[in-house]
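What follows is each chain in one-letter form.
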Amino acid sequence: MVLRREPTARQMRLGIELRRLREAAGLTAVEAAALLGTGRVQISHIESGLTGVSEQRLRRLTSHYACSDGEFIGALVAMAADRTRGWWEEYRGLLPTSFLDLSELEHHAQFQRHAAILYVPGLLQTEDYARAVFSSRLPELTQDEVELRIRHRMARQEITIPYEVVLHEAALRIRVSDRATSKAQLTRLLELSEAHHITLRVIPFDVDDFAKASSTMTYVGGPLTKLDTVVRDAPHGSVLIDSEAQLHTYRTSFRRVEAASLEPERSREFIHKLTKEL
């Protein structure tokens, strides 16, 4: 079988979950390979996402690994059978892989939760706001690179899944560009907050006990809780976090952030007030 040159984050996640099942069963890659009548290298390629795995082989592996969670196995089968070539593929080779992985992750998501302290999340940004953010990056991007990133970001905004957003007042007040850009961005947030699938909350500066609610994150829901993913920004791209222990920590963290925020209606009133100040 031809090896994939660049497995996607979804393909690698499938391999990671199979490796976790194997290790939980106390089997080595050599032992798992023997159960399939193949070699250790083949198991290694599957677990690293470099090759796919058929439904029959996947079910045999999970059976050997003593996994009895039918819903989880079904979700893994769906991941293995997925042949989606989404809209983001047109950017392959043009944008960093992390951009494409994020798009793929969002495409398959059941819901999203976002906590933002300093910037309005990309899914809610206007073009001018996004242009200001990308234009400030170091090392500097060329104009073509900036426009390519903006086009990709705008395409990501076609979301219909439940999306919960908690914005700190700092993200609303910081002017990434000029006054007009800030006002247009606040107006856009007010418009989006009326959408049935978007819940927007604000944390004002004067909230008490803010230290418990100071974590920026994107929490992406999978078909099952154990297949959720947390996205954290890093200097050279996004980092995807998927261990059960860390997912639990971030779920708890988001609920703390949410608890510190205003209710949606009061949040809209708060944003409207800031808009009038501009």
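In what follows, the structure referred to is the one given above.
These notes cover the structure that comes with them. Nothing here was measured: the structure is a model prediction, and the numbers come from that model.

1. Focus on the pattern of salt bridges
(1) Moving on: This structure, assessed with the given rule, holds 27 salt bridges.
(2) Moving on: Here Asp69 ties to Lys226 by a salt bridge, and the two come within 3.7 Å at their closest N and O atoms. Linking Asp69 in the loop between helix H4 (55-64) and helix H5 (70-81) with Lys226 in the loop between strand S4 (217-221) and strand S5 (229-234), this pair joins segments that are 157 residues apart in sequence.
(3) Moving on: In this structure Asp69 comes out as partly exposed when scored by relative accessible area, which is 30%.
(4) Moving on: With a shortest N-O distance of 3.2 Å, Glu90 and Arg151 are connected by a salt bridge. Residue Glu90 is found in the loop between H5 and helix H6 (97-107), and its partner Arg151 is found in helix H8 (residues 143-156); the two are separated by 61 residues along the sequence.

2. Considering empty space enclosed by the protein
(1) Moving on: For the structure shown, the criterion picks out one cavity of 30 Å³ or more.
(2) Moving on: As for the largest cavity, its lining consists of Val120, Tyr129, Ala171, Leu172, Ile174, Ser182, Gln185 and Leu186.
(3) Moving on: Listed by contribution, the elements that provide at least two residues to the lining of the largest cavity are helix H9 (169-173) and helix H10 (179-192).
(4) Moving on: It is H10 that contributes the most residues to the lining of the largest cavity, three residues altogether.

3. Observations concerning the packing of H4 against H5
(1) Moving on: Taken N-terminus to C-terminus, the directions of H4 and H5 make an angle of 150 degrees; their axes are 10 Å apart at the nearest point. Judged by the inter-axis angle, H4 sits roughly antiparallel to H5. Between H4 and H5 lies a crossing of right-handed hand. The segment H4 lies against H5, with Glu55, Leu58, Arg59 and Thr62 engaging Ile73, Leu76, Val77 and Ala80.
(2) Moving on: Tallied by class, residues from the contact of H4 with H5 come to five nonpolar, one polar and two charged.

Scoring rules and cut-offs
- Residues numbered from 1 in each chain as written.
- Predicted model: local features only at pLDDT ≥ 70, side-chain atom pairs only at ≥ 80, totals over all residues.
- Heavy atoms only, no water.
- Salt bridge = Lys/Arg side-chain N within 4 Å of Asp/Glu carboxyl O.
- Helix = DSSP H or I, 4+ residues; strand = E, 2+ residues; numbered from the N terminus.
- Buried < 20%, exposed > 50% of the residue type's maximum accessible area, 1.4 Å probe, protein only.
- 1 Å grid on protein atoms, 1.4 Å probe; cavity = no way out; pocket = protein on both sides within 12 Å on 5 of 7 lines; lining within 4 Å.
- Points joined across faces, edges and corners; volume = space filled by probe spheres on them.
- Axes fitted to C-alpha atoms, helices over the stretch in contact; angles between N-to-C directions.
- Parallel < 35°, antiparallel > 145°, perpendicular 65-115°, else oblique.
- Left-handed = near helix turned anticlockwise from the far one by under 90°.
- Contact = heavy atoms within 4.5 Å.
- Nonpolar A, V, L, I, M, F, W, Y, C, P; charged D, E, K, R; others polar.

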